[in-house]
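Residue-level listing of the chains:
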Amino acid sequence: NQYTFAYNVGMVYLAMDNYDMANSGFNSIAYDESEPARPYRLRALHQLATTAYQQRKYSAANYYINQCFRFFTSEELFAGVYATKGDVLLAHEELDSALYYYRKGLECPYEPHSYAAIYNGLANVFRYRNMADSVKHYQKLEVQINKSIEKDEANDRMYTVLSSFQ
């Protein structure tokens with residue numbers, strides 16, 4: 001459908017580091033208030049927040065991530081939204097608030113990339129607080145997830161190669 005297409009175009013441009021074109025694709029979905037666009041709006045708003053955060057545009061990232069909380073219920077939000085909110089707050093050194101959002105993200109259904117980001121954020125919060133044992137704990141969890149992600153991606157590549165011979 002048109003929303004999947006616009007989102008995927010945005011992701012392709014993002015992979016090419018063309019943020020303006022990526023944001024154009026995401027914006028076309030993020031402000032479409034029609035009911036068919038609703039499931040895609042959250043992902044698009046989150047991607048706009050993530051892209052702004054990666055560019056160190058923290059006020060823009062905060063704006064987009066707050067739109068996620070404004071327009072969607074807690075049941076609709078996913079771990080990545082909480083991870084990004086935590087990252088934005090951590091960038092402003094609001095440690096208690098960042099900690100709150102990271103922990104809320106861990107209450108969401110498991111998403112490996114989002115959980116890895118949450119564990120990284122938690123490690124950084126505890127690094128600010130000079131709590132070495134907690135830093136080590138969350139870094140270990142992040143490494144475990146990243147190894148699992150790498151293994152899954154390698155298996156997917158192997159399956160693709162083997163499928164091409166059939």
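Here the structure is a predicted model, which means the values were calculated and not measured.

Trainee: I tried to follow the overall build of the protein chain on my own but got confused; where do I start?
Mentor: Counting secondary structure elements, the protein chain contains 8 helices and 0 strands. Tracing the protein chain from N to C terminus, the helices and strands come up as α-α-α-α-α-α-α-α. When the backbone C-alpha atoms are referred to their principal axes, the protein chain occupies close to 50 × 45 × 30 Å. The proportion of buried residues among the 166 residues of the protein chain is 39%. Long-range pairs, those at least 24 residues apart, make up 50% of the contacts in the protein chain between residues at least 6 apart in sequence. Total accessible area on the protein chain stands at roughly 9900 Å², and carbon and sulfur atoms take up 52% of it.

Trainee: I tried to follow the side chain of Thr-84 on my own but got confused; where do I start?
Mentor: If you trace the backbone, Thr-84 turns up in helix H5 (residues 79–91). Under the relative-accessibility criterion, Thr-84 is labelled buried at 7%. Separated by 2.9 Å, the side chains of Thr-84 and His-46 make a polar contact. A distance of 3.5 Å separates the side chain of Thr-84 from the side chain of Thr-50, its partner in a polar contact.

Trainee: Can you walk me through unusual backbone geometry in this structure?
Mentor: Glycine aside, the phi torsion of most residues is negative, and most peptide linkages are trans. Located in the positive-phi region is Arg-56, a residue other than glycine, with phi close to 60°. Inspection of the secondary structure puts Arg-56 in the loop between helix H3 (38–54) and helix H4 (58–71).

Rules used in this analysis
- Residues numbered from 1 in each chain as written.
- Predicted model: local features only at pLDDT ≥ 70, side-chain atom pairs only at ≥ 80, totals over all residues.
- Heavy atoms only, no water.
- Helix = DSSP H or I, 4+ residues; strand = E, 2+ residues; numbered from the N terminus.
- Buried < 20%, exposed > 50% of the residue type's maximum accessible area, 1.4 Å probe, protein only.
- Contact = heavy atoms within 4.5 Å.
- Areas by Shrake-Rupley, 256 points an atom, 1.4 Å probe, with all protein chains shown as cover.
- Polar contact = N/O pair within 3.5 Å; in protein donor to acceptor, adjacent residues only side chain to side chain.

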